[in-house]
Amino acid sequence: MKKALVISGGGSKGAFAGGVAEFLMNKKHKEYDMYLGTSTGSLMVSHLALGMINELKELYTNVTQRTIFSNNPFRIRNVHGVKVVSIRHKNTFWNLLNGRKTFGESKNLRKLIRKNVTPSMFQTIRRNNKEVVVTVANITTNEIEYKSILDCSYEDFCDWIWGSCNYVPFMSLLEKNYCQYADGGFGCLVPIREAIERGAKEIDAIILETEVNQINRMPSKNPFSLMLDVFGFMLEHVEKHNITIGKLSAKHNDVKLNLYYTPTVLTTNSLVFDKKLMTKWWEQGYNYAKQKDDPSMNDFRPELIE
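Reading the values: the criteria
Residues numbered from 1 in each chain as written. Predicted model: local features only at pLDDT ≥ 70, side-chain atom pairs only at ≥ 80, totals over all residues. Heavy atoms only, no water. Buried < 20%, exposed > 50% of the residue type's maximum accessible area, 1.4 Å probe, protein only. Helix = DSSP H or I, 4+ residues; strand = E, 2+ residues; numbered from the N terminus. Pairing = 2+ DSSP bridges. Contact = heavy atoms within 4.5 Å.

S.K.: Honestly, the pairing of strand S9 (residues 202–207) in this entry has me stumped. Any pointers?
M.R.: The side chains of a regular strand alternate between both faces of the sheet. Most of S9 sits inside the fold, with 6 of its 6 residues counted as buried. Sheet topology note: the strand S1 (residues 3–7)/S9 ladder contains 5 bridges and is parallel. When the sheet's bridge partners are listed, isoleucine 7 is paired in S9 with isoleucine 206.

Okay, structure coming up:
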């Protein structure tokens with residue numbers, strides 16, 4: 001019986017998914033045949049397929065804005081203890097002046113992927129016949145595409161991971177095979193149905209949002225923050241649609257589906273990468289999965305973090 005681990009998109013909130021995966025794989029000793037990810041999930045699946053939990057934790061608890069962006073379009077300020085995000089006009093103008101198609105550039109993320117997903121890891125996963133799949137949005141053909149490690153070269157697979165993570169227009173646009181690619185979350189944030197299509201009969205899906213809406217966004221103060229809010233609104237509804245379709249498909253195909261949501265709102269801007277918060281989210285994810293596995297454990301108290 002094929003088992004799959006599915007990790008949704010969610011930017012910096014991927015740290016929470018790492019904690020959940022650590023509990024499932026190291027403490028519950030779960031083994032999977034397939035690993036499917038979108039956006040931040042695509043960054044994690046190669047390490048998880050090899051059981052490299054410690055290396056993944058080191059990566060996710062040390063990432064910063066500079067690790068991701070070669071040209072950061074965001075200015076982040078602390079106002080009364082709350083992070084306020086606005087546009088960095090100089091950086092954005094520089095990108096547009098140089099004919100770029102996006103406000104920011106994430107070339108540093110591409111370097112990070114090549115450094116941490118090595119050719120030897122790529123070959124080992126293929127030898128072990130583990131299916132690692134990342135989700136990308138083909139803007140040119142208006143389709144969602146699923147890229148399996150079993151069908152790609154190393155260079156191509158790194159490109160697909162990078163493309164899956166690029167939240168345009170704030171990050172780079174992947175141009176490949178005469179097409180333009182962006183964050184897979186624009187069309188499929190939680191690829192549960194794809195796991196079922198590939199033969200999974202038991203799925204653990206980690207969803208980096210709360211099960212029910214727990215927040216009202218503050219009014220937008222500028223066009224930049226308004227764009228972020230609109231994108232966030234659309235992605236939340238894409239996610240709900242993906243989960244609904246995934247549940248129906250699981251029921252129709254007699255698939256056991258286990259859903260792991262975040263129990264509380266972690267952040268309202270998942271493109272802000274804070275090492276201290278991400279370290280805390282990893283531990284929260286681990287403790288949440290532990291509590292979900294043993295409901296009698298009642299000392300877990302999630303807290304709102306911004």
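What follows picks up the thread again.
S.K.: I'm lost on the pairing of strand S8 (residues 179–183) in this one. Help?
M.R.: Along S8, 4 of the 5 residues are buried, which leaves the element largely enclosed by surrounding structure. In the sheet, strand S5 (residues 131–138) pairs with S8 via 3 bridges, with the strands oriented antiparallel. Its bridge partner lying in S8, asparagine 138 is registered against tyrosine 181. Bridge count for strand S7 (residues 174–176) against S8 is 3 bridges, and the pairing is antiparallel. Considered in S8, the bridge of leucine 174 is made with tyrosine 181.

S.K.: Teacher, can you tell me more about the side chain of arginine 110 here?
M.R.: Topologically, arginine 110 is positioned in helix H6 (residues 107–116). Apart from residues no more than four positions distant in its own chain, arginine 110 is found in contact with Glu155, Cys158, Asp159 and Trp162.

This is a description of form; function is not addressed.
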